[in-house]
Amino acid sequence: MKIAVVGATGLVGTVMLKVLEERNFPLTELIPVASEKSVGKEISFKGKKYAVVNMETAIAMRPDIALFSAGGGTSTTYAPLFAEAGTTVIDNSSAWRMDPSKKLIVPEVNASELSIDDKIIANPNCSTIQMVVALKPLHDKYRIKRVVVSTYQSVTGTGVKAVEQMMNERNGITDGPMAYAYPIDLNVIPQIDVFTENGYTKEEMKMILETRKIMGDDSIKVTATTVRIPVMGGHSESVNIEFENDFDLADVRDLLTKTEGIIVVDDPANLKYPMPKDAHEKDEVFVGRIRRDESLPNTLNMWIVADNLRKGAATNAVQIAEYLVKSELI
Ligand code: 2RA
């Protein structure tokens, strides 16, 4: 099994390599791919050195799967070229997510949609992934009418430059690179990505539109406010869910506890709840602060945390690849 990692020297690409290694993915050959300036750099993987190659070389090597995390423009140009060469592309950019001919996959939710004909598969936005993992079992049992989500997103979602800005500000360095229009340390910025005509940001519209596509139900109403906060480790989300049917809190906790990929941390009496510092470098989605919204019938509040570079990006992509191999769709 030949696996290409496109964007292998980037933040998510580096985590993809780490996850492939940790999960002992059954690959026989690794093809790290990056821009021309990185060609020739060496990547260590399972004790072996691999030289970074460019796109054209990687396509010619005809990998079975290509994990992409190289931006929407690169994916728009090169994913079809890999697919034409017979490679199955799993792309972490937003380029293909809302394309009606492409599947948008979170394995715990809708992997069964995948077929051998899917040659370009979209990996959802990190803040969407962690939310739908928790929504799916509840939707199946109680039918979701509406979701109101507010996010508290790590600077790692922006990239290396944002982490550098935060750490510089924390250390009193004021002339470093700026990833944001404003200081991020000791601050929060209620804007992730650009604003659209309806006053929402692209990040908020991703959560709204991607959730419905992954859940396969356009009747689900979603509204979102996405906020950048000066933390590492992962994204946090406050989620309010109105159901068609009533629920029993103990049943909700039991259902979430039994759901693959979820760890329930919900013991307020002992100050136990999910936090980014605990989710960091983990592959699960952590759910806590589970409680009834006493202002509305059939409505639940919960708090969802996950490592946005792992389950929110790299691990979800690798899990899609694992599903394709296990289901003989490759
Ligand atoms: C962010 N979800 O957190 C976006 C893209 N990674 O910035």
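### A look at the domain arrangement of the chain
So, step 1. Looking at the chain, the domain boundaries give domain 1 (2-124 + 313-326) and domain 2 (127-308).
So, step 2. A C-alpha centroid distance of 25 Å is found between domain 1 and domain 2.
So, step 3. Taken together, the contact pairs 21 residues of domain 1 with 18 residues of domain 2.
So, step 4. Both sides together, the interface formed by domain 1 and domain 2 hides about 1600 Å², and carbon and sulfur atoms give 62% of it.

### Looking at the sheet that holds strand β2 (residues 29-33)
So, step 1. Ordered by their spatial adjacency, six strands build an open sheet running β2-β1-β5-β6-β8-β7, and the pairing between neighbours is parallel. The open sheet is flanked by β2 and β7 (103-104), the only strands paired with a single partner.
So, step 2. Here strand β5 (residues 65-68) runs beside strand β6 (residues 88-91); their pairing, made up of four bridges, is parallel. Counterpart to Ala66 in the pairing with β6 is Val89.
So, step 3. Contacts between helix α3 (residues 72-84) and the sheet are confined to β1 (2-6), β5, β6 and β8 (120-122), with β5 contributing the most and set at about 175° to the helix.

### Here we look at unusual backbone geometry
So, step 1. Positive phi values are uncommon outside glycine, yet Asn24 reaches one of about 50°.
So, step 2. Counting through the fold element by element, Asn24 comes out in the loop between α1 (11-22) and β2.
So, step 3. What makes Asn24 exposed here is its relative accessible area of 51%.
So, step 4. You will see that Glu328, though not glycine, has its phi angle at about 55°, which is positive.
So, step 5. Note that Glu328 resides in the segment after α10 (310-326).

### Describing helix α5 (residues 126-142)
So, step 1. Taking 1.5 Å per residue, 17 residues should reach 24 Å; α5 reaches 25 Å between its end C-alpha atoms and fits that length.
So, step 2. If you look at α5, its biggest bend is around 35°, right at Leu135, and the proline Pro137 turns up within four residues after that.
So, step 3. With respect to burial, α5 is a largely interior element, 14 of its 17 residues being buried.
So, step 4. Residue Arg143 follows α5 closely and has a positive phi angle near 60°.

### A closer look at the packing of α5 against helix α7 (residues 202-215)
To characterise two packed helices, one gives the angle between the axes of the helices and the distance between these axes.
So, step 1. With their axes 10 Å apart at the nearest point, α5 and α7 run at an angle of 40° to one another. Classified by the angle their axes make, α5 and α7 are oblique. Crossing hand, α5 versus α7: right-handed. Of the residues in α7, those in contact with Ser127, Thr128, Met131, Val132, Leu135, Lys136 and His139 of α5 are Glu203, Lys206, Met207, Glu210, Thr211, Ile214 and Met215.
So, step 2. Each residue belonging to the contact of α5 with α7 can be placed in one class, and the counts come to six nonpolar, four polar and four charged.

### Overview of the sheet that holds strand β13 (residues 285-292)
So, step 1. If you trace the six strands from one edge of the open sheet to the other, you get β10-β9-β11-β14-β13-β12, paired in mixed fashion. Here the strands that pair on one side only, and so sit at the sheet edges, are β10 (221-228) and β12 (262-264). Going from strand to strand, the sheet's axes swing by 20° on average, the running direction of each strand aside.
So, step 2. Judged from the eight bridges that link them, strand β11 (residues 235-243) and strand β14 (residues 299-306) form a sheet pairing that is antiparallel. When the sheet's bridge partners are listed, Glu242 is paired in β14 with Thr299.
So, step 3. Running over the sheet, α7 touches β9 (144-153), β10 and β11 and is turned about 140° from β10.

### Quick look at the pattern of salt bridges
So, step 1. Evaluation of the coordinates by the stated rule reveals 18 salt bridges.
So, step 2. Across the pair Arg23 and Asp283 runs a salt bridge whose closest N-O atoms are separated by 3.5 Å. A residue pair is termed long-range when its members are at least 10 positions apart, and Arg23 in the loop between α1 and β2 and Asp283 in the loop between α9 (276-279) and β13 qualify at 260 residues.
So, step 3. By relative accessible area, which is 31% here, Arg23 ends up partly exposed.

Criteria and thresholds
- As a convention, each chain's residues are numbered from 1 in the sequence order in which they are written.
- Given that this is a predicted model, residues contribute local features only at a pLDDT of at least 70 and side-chain atom pairs are listed and counted only at 80 or more, while totals for whole chains, interfaces and linings are drawn from all residues.
- To get the side-chain values, take all heavy atoms of the structure and skip hydrogens and water.
- An automatic or database domain assignment supplies the residue ranges for each domain.
- Throughout, a contact is declared for two residues whenever any of their heavy atoms are within 4.5 Å.
- Two parts placed together each lose some accessible area under a 1.4 Å probe, and adding up what both lose gives the buried area.
- Should DSSP find at least two bridges between two strands, the strands are regarded as paired.
- The helix and strand labels rest on DSSP assignments: H or I over at least four residues marks a helix, E over at least two residues marks a strand, and numbering proceeds from the N terminus.
- The convention used is that axes are lines fitted to C-alpha atoms, helices contributing only their stretch in contact, and that angles between N-to-C directions extend from 0 to 180 degrees.
- Burial status follows relative accessibility: with a 1.4 Å probe on protein chains alone, a residue under 20% of its type maximum counts as buried, one over 50% as exposed, and anything between as partly exposed.
- In a helix, the anticipated span is given by 1.5 Å times the number of residues less one.
- Two axes are fitted around each residue, one to the seven residues ending there and one to the seven starting there, and the angle between them is reported as the bend at that residue.
- Orientation labels follow simple angle bins: below 35 degrees gives roughly parallel, above 145 gives roughly antiparallel, 65 to 115 gives roughly perpendicular, and whatever is left gives oblique.
- In a left-handed crossing the near helix is turned counterclockwise from the far helix by less than a right angle, and in a right-handed crossing that turn is clockwise.
- Only Asp, Glu, Lys and Arg are considered charged in this grouping, and only Ala, Val, Leu, Ile, Met, Phe, Trp, Tyr, Cys and Pro are considered nonpolar; every other residue, Gly among them, is considered polar.
- In what follows, salt bridge is the name for a side-chain nitrogen of Lys or Arg lying within 4 Å of a carboxyl oxygen of Asp or Glu.

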